[in-house]
Amino acid sequence: MQVNARLAAIDLGSNSFHMLIAKATSRGYRILTRQRQKVRLADGLQADLTVDNAAIERGVACLKSFAELIKRYQPLQVRCVATATLRLAKNRKQLLKEFEKALGFPIDVISGTTEAGLIYRGATAELAQSDQPMLVLDIGGASTEVIAGVGTEPHVLKSLDMGCVVWQNRFFSKGIKQESFAAATAAAEELIRPLARTYQAHGWDTVCGASGTFRALQDRLRHLQSEHMDQAFILATMEAAISTGDTQRLVELGIREDRIAVFCGGLAILIALVKALDIKQIDLAQGALREGLVHTMLAERSAAR
């Protein structure tokens, strides 16, 4: 890979669209710009599994803004991937046609396993210890990835059909209540429990969280001037959320305004993961899917030399 070559990695998630433009260096890459827009694509997923026009329009508007940045930075390579909502959408062809026209580049709808592998790579690429057993969690808008590996190599990769947008709409549309959390957590546990033995047999020394739910919890830790994202903190956050009773009041807990809309959906899924897998503590991952894409592009170009 030539040093100074620019690369763009774009991740069309079910809640947010992300773009990262980076410059290759002798030691890896340097980020030039990072963009994130709340498109809420999964919010537009209707009962017949078509995505409504309002969500499509939000996606098109976002991708047009990404296209302008691509024009400005002139990357040598652009790779765009779409995840759970595009995997589910019955009108996928229409979405891809409109999104590709807005962006000006092809979009690859990746499988859940491929998504999990890219997330793991992005989360572990900067690890100092290459033999460290890891568990990486990513709670997306419509899917949740759970990946166990050693160092930068993933071994157990699962993508589960649950996400913060879907769970928020399903369980918290009428406010934040104890029974809402109980139902949301039970539904998530039902999906995780059959896999628990496999993950626990693999084992891990460190657990990393690589999505907005974990960044929101990190915001709350700072608000409390605390450090550890452990079981007690996560469960206490649920009780604090219930005491507010209202999504708009979550800002009182130190949750940023742009994260509150789907926070309880993501938190319920996390509580289920923590319980089913007996997770003691979670660190915030330094990378996710888009970083995994950049590392993959760098590796491919290096191998092609």
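This text follows the structure it describes.
The model shown is predicted, which means the values in this text are computed figures rather than measured ones. (Residues numbered from 1 in each chain as written. Predicted model: local features only at pLDDT ≥ 70, side-chain atom pairs only at ≥ 80, totals over all residues. Heavy atoms only, no water.)

**Q** How do you make sense of unusual backbone geometry when you look at a structure like this?
**A** If a residue is not glycine, its phi is most likely negative; likewise, a peptide bond is most likely trans. Here the phi dihedral of Arg 40 falls at roughly 55°; this positive angle occurs in a residue that is not glycine. Topologically, Arg 40 is positioned in the loop between strand E3 (28–38) and helix H1 (53–73). The class for Arg 40 is partly exposed, based on a relative accessible area of 32%. Positive phi values are uncommon outside glycine, yet Asp 278 reaches one of about 55°. Looking at the secondary structure, you find Asp 278 in the loop between helix H9 (263–277) and strand E11 (281–284). (Helix = DSSP H or I, 4+ residues; strand = E, 2+ residues; numbered from the N terminus. Buried < 20%, exposed > 50% of the residue type's maximum accessible area, 1.4 Å probe, protein only.)

**Q** I'm lost on the packing of aromatic side chains in this one. Help?
**A** For any pair of aromatic rings, the description consists of the separation of the ring centres together with the inter-plane angle of the planes. Within the structure shown, the criterion is met by 3 aromatic pairs. Centroid distance Phe 17 to Phe 99: 6.0 Å. Interplanar angle 80°. Geometry classified as edge-to-face. You can see Phe 17 sitting in strand E2 (residues 16–25) and its partner Phe 99 sitting in helix H3 (residues 92–103), a full 82 residues away along the chain. The pair formed by Phe 17 and Phe 99 is uniform in burial state, with each residue classed as buried. A centroid spacing of 4.9 Å and a plane angle of 65° characterise the contact between Phe 172 and Phe 181, whose relative ring orientation is edge-to-face. Of the two residues, Phe 172 and Phe 181, both sit in the buried class. Of note, Arg 170 hangs over the ring of Trp 167, and the distance from its end group to the ring centre comes to 5.0 Å. (Phe/Tyr/Trp six-rings, centres within 6.5 Å; stacked < 30°, edge-to-face > 60°. Lys NZ or Arg CZ within 6 Å of the ring centre and 35° of its normal.)

**Q** What should I look at first to understand the pairing of E3 in this one?
**A** Here is the key point about a regular strand: its side chains alternate between the two faces of the sheet. When E2 meets E3, the two strands line up antiparallel, connected through 10 bridges. Counterpart to Ile 21 in the pairing with E3 is Thr 33. Hairpin connection between E2 and E3: a loop of 2 residues separates the two successive antiparallel strands. (Pairing = 2+ DSSP bridges.)

**Q** Hey, could you run me through the side chain of Gln 168 in this one?
**A** The residue Gln 168 is located in helix H5 (residues 164–171) in this model. Classification of Gln 168 by relative accessible area gives buried; the value is 6%. When near neighbours in sequence (up to four residues on either side) are disregarded, Gln 168 contacts Ser 173, Thr 247, Ala 261, Val 262, Phe 263, Cys 264 and Gly 265. (Contact = heavy atoms within 4.5 Å.)

**Q** How should I be thinking about the sheet that holds strand E1 (residues 6–12) in this particular structure?
**A** Within a sheet, adjacent strands bond to each other through the backbone by hydrogen bonds, running parallel or antiparallel. Within the open sheet, the 5 strands sit side by side as E3-E2-E1-E4-E5. Their pairing is mixed. Only two strands of the sheet have a single partner each, and these edge strands are E3 and strand E5 (107–109). This sheet shows a mean twist of 20° between the axes of neighbouring strands, independent of strand direction. The pairing of strand E4 (residues 77–82) with E5 spans 3 bridges and is parallel. Counterpart to Val 81 in the pairing with E5 is Asp 108. Against the sheet, H3 touches E1, E2, E4 and E5, its axis set at about 150° to E5. Sheet strands in contact with helix H10 (residues 289–304) are E1, E2, E3 and E4, and its direction is about 140° off that of E1. (Axes fitted to C-alpha atoms, helices over the stretch in contact; angles between N-to-C directions.)

**Q** Quick question: what am I supposed to make of the nonpolar core here?
**A** Side chains of a nonpolar character, in soluble globular proteins, are inclined to be buried together. Ranked by internal contacts, the top residues of the largest apolar core, which has 56 residues, are Leu 137, Phe 181 and Ile 282. When contributions to this core are tallied by element, the ones reaching two or more residues are strand E6 (133–139), strand E7 (144–150), strand E8 (153–160), H5, helix H6 (178–202), helix H7 (212–224), helix H8 (231–244) and H9. In terms of residue count, the dominant contributor to this core is H9 (12 residues). Setting aside its immediate chain neighbours within four residues, Leu 137 contacts Glu 145, Val 146, Val 207, Cys 208, Gly 209, Ala 210, Phe 214, Leu 270, Leu 273, Ile 279 and Ile 282. Listed in part, the 30 residues of the second largest apolar core include Val 60, Ala 89, Leu 96 and Leu 103. (Core = buried A, V, L, I, M, F, W, Y, C linked by side-chain atoms within 4.5 Å.)

Function-wise, these values are silent; they only describe arrangement.
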